[in-house]
Amino acid sequence: MIRRLAALVAGLALAAGLSLALGQLLALRYALAIGVGVGTGVFLIVDGSAGAGEGWLYHEARPRSERIVDFQRSAGVAVGIGLLVAWTTAVASVGRIGAALVVAVTTIIVANLVFLYQRPAYEQMLEDE
């Protein structure tokens, strides 16, 4: 429970801070794609449970170097897809609030799907030990 709360605080703080900082340089939709993608990646790796309630299992089975790779994959793919969706909302002339919602939700879903794709691999690895 404490790990999940710490993960939530770290992910939200990073997502909000990065989005606000990048919002000064980029359009909000692009800043959100980057900030939410990185923040969600941090949440997923620190929490480790992917909604299954077994976060300790992830941290026990995956060495730190592989967790960093998991973060890079989930955050990287999420940011890439988020930027693509942000560009699509710009081309389709979606409003600022609508684009922010679409980009944030899409980025969160993609990061979760990429992270969940790794889950069977480390569960199998723990069973082999």
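Residues numbered from 1 in each chain as written. Predicted model: local features only at pLDDT ≥ 70, side-chain atom pairs only at ≥ 80, totals over all residues. Heavy atoms only, no water.

## Remarks on the pattern of salt bridges
Then step 1. For the structure shown, the criterion picks out three salt bridges.
Then step 2. A salt bridge links Arg 4 to Asp 47; the nearest nitrogen and oxygen atoms lie 3.1 Å apart. With Arg 4 in helix α1 (residues 2-23) and Asp 47 in helix α2 (residues 28-47), the pair connects residues that are 43 residues apart, well separated along the chain.
Then step 3. For Asp 47, a relative accessible area of 5% puts it in the buried group.
Then step 4. Close ionic contact of Arg 62 with Asp 70 constitutes a salt bridge, the shortest N to O distance being 2.6 Å.
Then step 5. The class for Asp 70 is buried, based on a relative accessible area of 2%. (Salt bridge = Lys/Arg side-chain N within 4 Å of Asp/Glu carboxyl O. Helix = DSSP H or I, 4+ residues; strand = E, 2+ residues; numbered from the N terminus. Buried < 20%, exposed > 50% of the residue type's maximum accessible area, 1.4 Å probe, protein only.)

## With respect to α2
Then step 1. Relative to the 28 Å expected for 20 residues at 1.5 Å per residue, α2 spans 27 Å between its end C-alpha atoms, a close match to the ideal helical length.
Then step 2. Counting buried positions along α2 yields 15 of 20 residues, so the element is predominantly enclosed.
Then step 3. At the exit of α2 stands Gly 48, carrying a positive phi of roughly 75°. (Expected span 1.5 Å × (residues − 1).)

## Some details on a nonpolar patch on the surface
Then step 1. A contiguous nonpolar surface patch, about 460 Å² in accessible area, is contributed by Val 77, Ile 81, Leu 84, Trp 87 and Val 91.
Then step 2. Its location among the elements puts Ile 81 in helix α4 (residues 64-91).
Then step 3. Overall, the relative accessible area of 32% leaves Ile 81 in the partly exposed class. (Patch = residues over 30% accessible without salt bridge, like charges linked within 9 Å, V, L, I, M, F, W, Y side chains within 5 Å. Areas by Shrake-Rupley, 256 points an atom, 1.4 Å probe, with all protein chains shown as cover.)

## Considerations on the side chain of Asp 47
Then step 1. At a separation of 3.1 Å, a polar atom in the side chain of Asp 47 contacts the side chain of Arg 4.
Then step 2. If sequence neighbours within four positions are ignored, Asp 47 has contacts with Arg 3, Arg 4, Ala 7, Gly 55 and His 59. (Polar contact = N/O pair within 3.5 Å; in protein donor to acceptor, adjacent residues only side chain to side chain. Contact = heavy atoms within 4.5 Å.)

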